[in-house]
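Residues per chain are reported as follows:
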Amino acid sequence: MGRIIGIDLGTTNTVAAFVDGGEPRIIPNDRGSHLTPSVVAFTVSGDILVGESARNQAVVNAERTVLYIKRSMGRKRAIEVDGVQYSPPQISALILKKVKADAERYLGDEVREAVIAVPAHFSDPQRKATVEAGRLAGLTVLRIINEPTAAALAYGTRFRGDKRIVVYDLGGGTFDATCLQTEGDTFTVKASCGDNHLGGLDFDAALNRAVIEQFSEQAGFDFSSDPVLMQQLGELVERAKIELSSSDHASVALPFFVAGGKPLHLQCSIRRAQFDRLAESLVQKSIDLTLRAISDASFDRDGIDSLVLSGGSSRIPLVQRRLREELGVKEVALVNPDEIVALGAAVQAQMLVDSSQEVELRDVVSCTLGVEIDNGRFVALIRKQTQIPAETRRTFTTVTDNQSAVEIHVLQGEELNAGANQSLGRFLLSGIREGARGEPRIEVRFSVDADGIAHVAARDKDTGASQQITVHPVSDEDDQQRLHSRVSVFLERIEQLSRRADADIDDRFRKEIEDLTAHARRALERGDLKTMRESYVALETIIDELQLIVAEPEADDAGA
Ligand code: AMP
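Everything numeric here is computed off the predicted structure, so don't read it as measured data.

(A) Summary view of the overall build of the chain. Secondary structure summary: the chain contains 12 helices and 28 strands in total. In terms of overall dimensions, the chain has a C-alpha envelope of 90 × 70 × 55 Å along the principal axes. Taking all 560 residues of the chain together, the buried fraction comes to 50%. Here the analysis covers contacts within the chain between residues at least 6 apart in sequence; of these, 65% occur between residues at least 24 apart. Here the chain has roughly 26000 Å² of accessible surface; of this, 47% comes from carbon and sulfur atoms. Where the 65 positive side-chain charges of the chain centre and where its 86 negative ones centre are 3 Å apart.

Quick look at the structure:
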């Protein structure tokens, strides 16, 4: 019948686990290691390497090696190697395929199903891309679980009873703070806050900058201008960072190499206190988000029973010191933060196939889901921290007579201005019965399933007929193109209207038009999406005002 496994598909490492006799256990890879580097490489001879072998050749084959693919999941960005384009799920699938093969060899059984963990703050497209990666690897993804929730589940038996738990999960590329409450055998996630771009890579970058400065001074040239040296340095710096978690100092050395015709030997020593100063603002950012999650969960800072540390970067001593200072918790669970998420994903996997399991899990929506309304405002439909699965209904209608279709723009995010949130897709409700405007009533059902993935369905309330829905996922590029053409059209329209209304425009308004149009033109030139979105709303208001000015004399003319 095959086995089910739990997978932590990490930015830097991937880990798999299964439940054996009621206890979750890590599945070692073909080299006996618990962590498989999330690295894929394409060799000149056409082989595909995954894991340690890919990482070991990364420096000498940088242009055919793909690192940190998790950071690109959910984006429409293709990775090109030797003229072949790969989507992020295709690259992730190669990692999952290896994990599947290693698990099958270790368990001596076929593995067809999996639970994959993702950062709590992964957006809808990122979750869908993860399910797709699993499918491409030949795995049915039975559930997507949030990493911090998995981390807490791994300690499940320990937390039976009435406990308030905070999970601090700082990995290679992402950060999440999650507050859970246990009551009997029920785990309820109360709140989750995080940052999809805060993790070990940012600590590496901070340390890298400091080392480059020292090396550039020693070498007498700008070190960052040499990509090969930079790649070598990147690995050495990460190693030094890890060393600083257990030693008071670490050194970075690039022994004997030639650059600019000069033989060089560079070395520098970093003290932990120095690293702490570089890391301080990043750690503070994570602490602030943790405190926000605690407040969102309505937990009392003094009433936290346990702090669970997860993700490799939670080993940084400054992180642990600052957390103890801020939270003063009684118990800190730090057993292998690299493995805890995979262990929890395996526990969840077992819960799904074994109905005798008593533990119940309730998670929350990590990003608000809503729609854009006429004036570019965002209306929330399912709010952040709502328990999943969640569902809401909203009735839409038409704005013109005999309108046969309505476009609904669904977004995810916390901003009031729709343009500042992430677009999930545009849904076209077509085949609406002809009628006076405002008459048709189409009920749209928005839901977020147990994987945190959004769904939309529509029904004509009067006839009961389901509406046809077409989904157009919006990529960054599509969004940019669409905005570019809309802003250009608006600029042209403003020019025409300004000419017609010229004599009736006062100085203040003229200045406002000049400033805003110049600002919008610069945004178009630079391809600056954020400013284009802001300009779009501002230009629309100007067009409205100009139309009023132009309409007045025209009305007079007509009446004359
Ligand atoms: P994860 O995504 O959970 O596998 O975390 C990987 C990140 O943790 C990478 O950025 C590593 O450099 C970092 N990391 C692993 N071990 C340590 C350590 N002992 N001290 C500091 N950072 C670490």
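Alright, that's what it looks like, and here's the rest.
(B) Highlighting helix α2 (residues 88-107). Its 20 residues give α2 an end-to-end C-alpha distance of 28 Å, which sits within 8% of 28 Å, the value for a rise of 1.5 Å per residue. Taking burial as the measure, the 20 residues of α2 include 14 buried ones, the bulk of the element. Phi for glycine 108, located one or two positions after α2, is positive at around 65°.

(C) Region of interest: the sheet that holds strand β23 (residues 390-396). Pairing is antiparallel in the open sheet, where three strands are placed in the order β23-β26-β27. The two strands at the open ends of the sheet, each matched to only one other strand, are β23 and β27 (454-460). Each strand of the sheet is rotated relative to its neighbour by a mean of 20°, with strand direction disregarded. Bridge count between strand β26 (residues 442-448) and β27: seven bridges; the pairing is antiparallel. In the strand pairing of β27, isoleucine 442 is matched with aspartate 460.

(D) Quick look at the site of the ligand. Lining the immediate surroundings of the ligand are 14 residues, of which Thr12, Gly172, Glu238, Lys241 and Ser245 lie closest. One nitrogen or oxygen atom from the main chain of serine 313 is found 3.2 Å from an oxygen atom belonging to the ligand. Compared with its free state, where it exposes 500 Å², the ligand has 89% of that area covered by protein. Ranked by residue count, the leading element in the shell around the ligand is helix α6 (residues 227-243), at three residues. Of the residues assigned to the shell around the ligand, the class counts are two nonpolar, nine polar and three charged.

(E) Spatial organisation of the pairing of β26. Counting buried residues in β26 gives six out of seven residues, a clear majority hidden from the surface. Relative to β26, β23 runs antiparallel, the two being bridged by seven bridges. When the bridges of β26 are listed, arginine 393 appears paired with arginine 445.

(F) Representation of the domain arrangement of the chain within the structure. When the domains of the chain are assigned, the result is domain 1 (1-155 + 339-354), domain 2 (200-277), domain 3 (365-474) and domain 4 (475-560). Spacing between the C-alpha centres of domain 2 and domain 3 amounts to 51 Å.

(G) Up close: the pattern of salt bridges. Enumeration according to the criterion identifies 35 salt bridges in this entry. As a salt-bridge pair, arginine 25 and aspartate 20 come within 2.2 Å of each other at their nearest N and O atoms. When the shortest N-O distance is used, the salt bridge between glutamate 147 and lysine 70 registers 2.7 Å. With glutamate 147 in helix α4 (residues 147-154) and lysine 70 in the loop between β7 (65-66) and β8 (79-81), this residue pair connects regions lying 77 residues apart in the sequence. When sorted by exposure, glutamate 147 lands in the same class as lysine 70, which is buried. Via salt bridges that share partners, Asp276, Arg301, Arg321, Arg322, Glu325 and Glu326 belong to a single interconnected network.

(H) Region of interest: helix α5 (residues 200-219). Between its first and last C-alpha atoms α5 spans 27 Å; for 20 residues at 1.5 Å apiece the expected length is 28 Å, and the two agree. Along α5, the positions that sit buried rather than exposed are Gly200, Leu201, Phe203, Asp204, Ala206, Leu207, Asn208, Val211, Ile212, Phe215, Ser216 and Ala219. Looking at the buried residues of α5, the elements they touch are β12 (163-170), α6, β15 (249-259), β16 (262-271) and α7 (272-296). With its phi angle positive at about 80°, glycine 220 sits one or two positions after the end of α5.

(I) Inspection of the nonpolar core at higher detail. Counting 49 residues, the largest nonpolar core has Phe215, Phe223 and Leu233 as its most contacted members. In terms of residue count, the dominant contributor to this core is α7 (eight residues). Apart from residues lying up to four places away in sequence, phenylalanine 215 is in contact with Phe223, Leu233, Val252, Leu254, Leu266, Gln267 and Cys268.

(J) Fine view of the packing of α2 against helix α3 (residues 124-136). Remark: α2 packs on α3, axes separated minimally by 8 Å, with the N-to-C direction vectors making an angle of 50°. Considering their axes alone, α2 and α3 lie oblique with respect to each other. Handedness of the α2/α3 crossing: right-handed. Residues Pro89, Gln90, Ser92, Ala93, Leu96 and Lys97 of α2 lie in contact with α3, whose contacting residues are Ala129, Glu132, Ala133, Gly134 and Leu136.

(K) Representation of the packing of α4 against helix α9 (residues 340-353) within the structure. For the pair α4 and α9, interaxial distance at closest approach is 7 Å and the crossing angle is 80°. Our classification of the angle between α4 and α9 gives roughly perpendicular. Seen from α4, the contacting residues are Glu147, Ala150, Ala151, Leu153 and Ala154; seen from α9, they are Ile340, Val341, Leu343, Gly344, Ala345, Val347, Gln348 and Met351.

(L) Structural detail: the environment of glutamine 214. Turning to its location among the elements, glutamine 214 is positioned in helix α5. Assessed through its relative accessible area of 29%, glutamine 214 is described here as partly exposed. On a C-alpha basis, the gap between glutamine 214 and asparagine 421 in space is 40 Å, while along the polypeptide they are 207 residues apart. Sequence-distant contacts of glutamine 214, defined by excluding residues within four places in its chain, comprise Cys268 and Gln274.

(M) Here's a closer look at the sheet that holds strand β5 (residues 40-42). With respect to topology, three strands assemble into an open sheet ordered β6-β5-β7, the strand pairing being antiparallel. The open sheet has two edge strands, β6 (48-50) and β7, and neither has a second partner. One ladder, built from two bridges, connects β5 with β7; its direction is antiparallel. Bridged to alanine 41 within β7 is threonine 65. Helix-sheet contacts for α2 involve β5, β6 and β7, and the interaxial angle to β5 is about 105°.

(N) Main features of the environment of proline 255. Its place among the elements puts proline 255 in strand β15. Exposure remark for proline 255: the relative accessible area of 48% places this residue in the partly exposed category. Expressed as a C-alpha distance, the spacing of proline 255 and glycine 452, which sit 197 residues apart in the sequence, is 49 Å. Apart from residues lying up to four places away in sequence, proline 255 is in contact with Leu264 and His265.

Cut-off values and rules
- Residues numbered from 1 in each chain as written.
- Predicted model: local features only at pLDDT ≥ 70, side-chain atom pairs only at ≥ 80, totals over all residues.
- Heavy atoms only, no water.
- Helix = DSSP H or I, 4+ residues; strand = E, 2+ residues; numbered from the N terminus.
- Buried < 20%, exposed > 50% of the residue type's maximum accessible area, 1.4 Å probe, protein only.
- Contact = heavy atoms within 4.5 Å.
- Areas by Shrake-Rupley, 256 points an atom, 1.4 Å probe, with all protein chains shown as cover.
- Lys, Arg positive; Asp, Glu negative; His and termini not counted.
- Charge placed at Lys NZ, Arg CZ, Asp CG, Glu CD.
- Expected span 1.5 Å × (residues − 1).
- Pairing = 2+ DSSP bridges.
- Axes fitted to C-alpha atoms, helices over the stretch in contact; angles between N-to-C directions.
- Near = heavy atom within 4 Å.
- Polar contact = N/O pair within 3.5 Å; in protein donor to acceptor, adjacent residues only side chain to side chain.
- Nonpolar A, V, L, I, M, F, W, Y, C, P; charged D, E, K, R; others polar.
- Domains from an automatic or database assignment.
- Salt bridge = Lys/Arg side-chain N within 4 Å of Asp/Glu carboxyl O.
- Core = buried A, V, L, I, M, F, W, Y, C linked by side-chain atoms within 4.5 Å.
- Parallel < 35°, antiparallel > 145°, perpendicular 65-115°, else oblique.
- Left-handed = near helix turned anticlockwise from the far one by under 90°.

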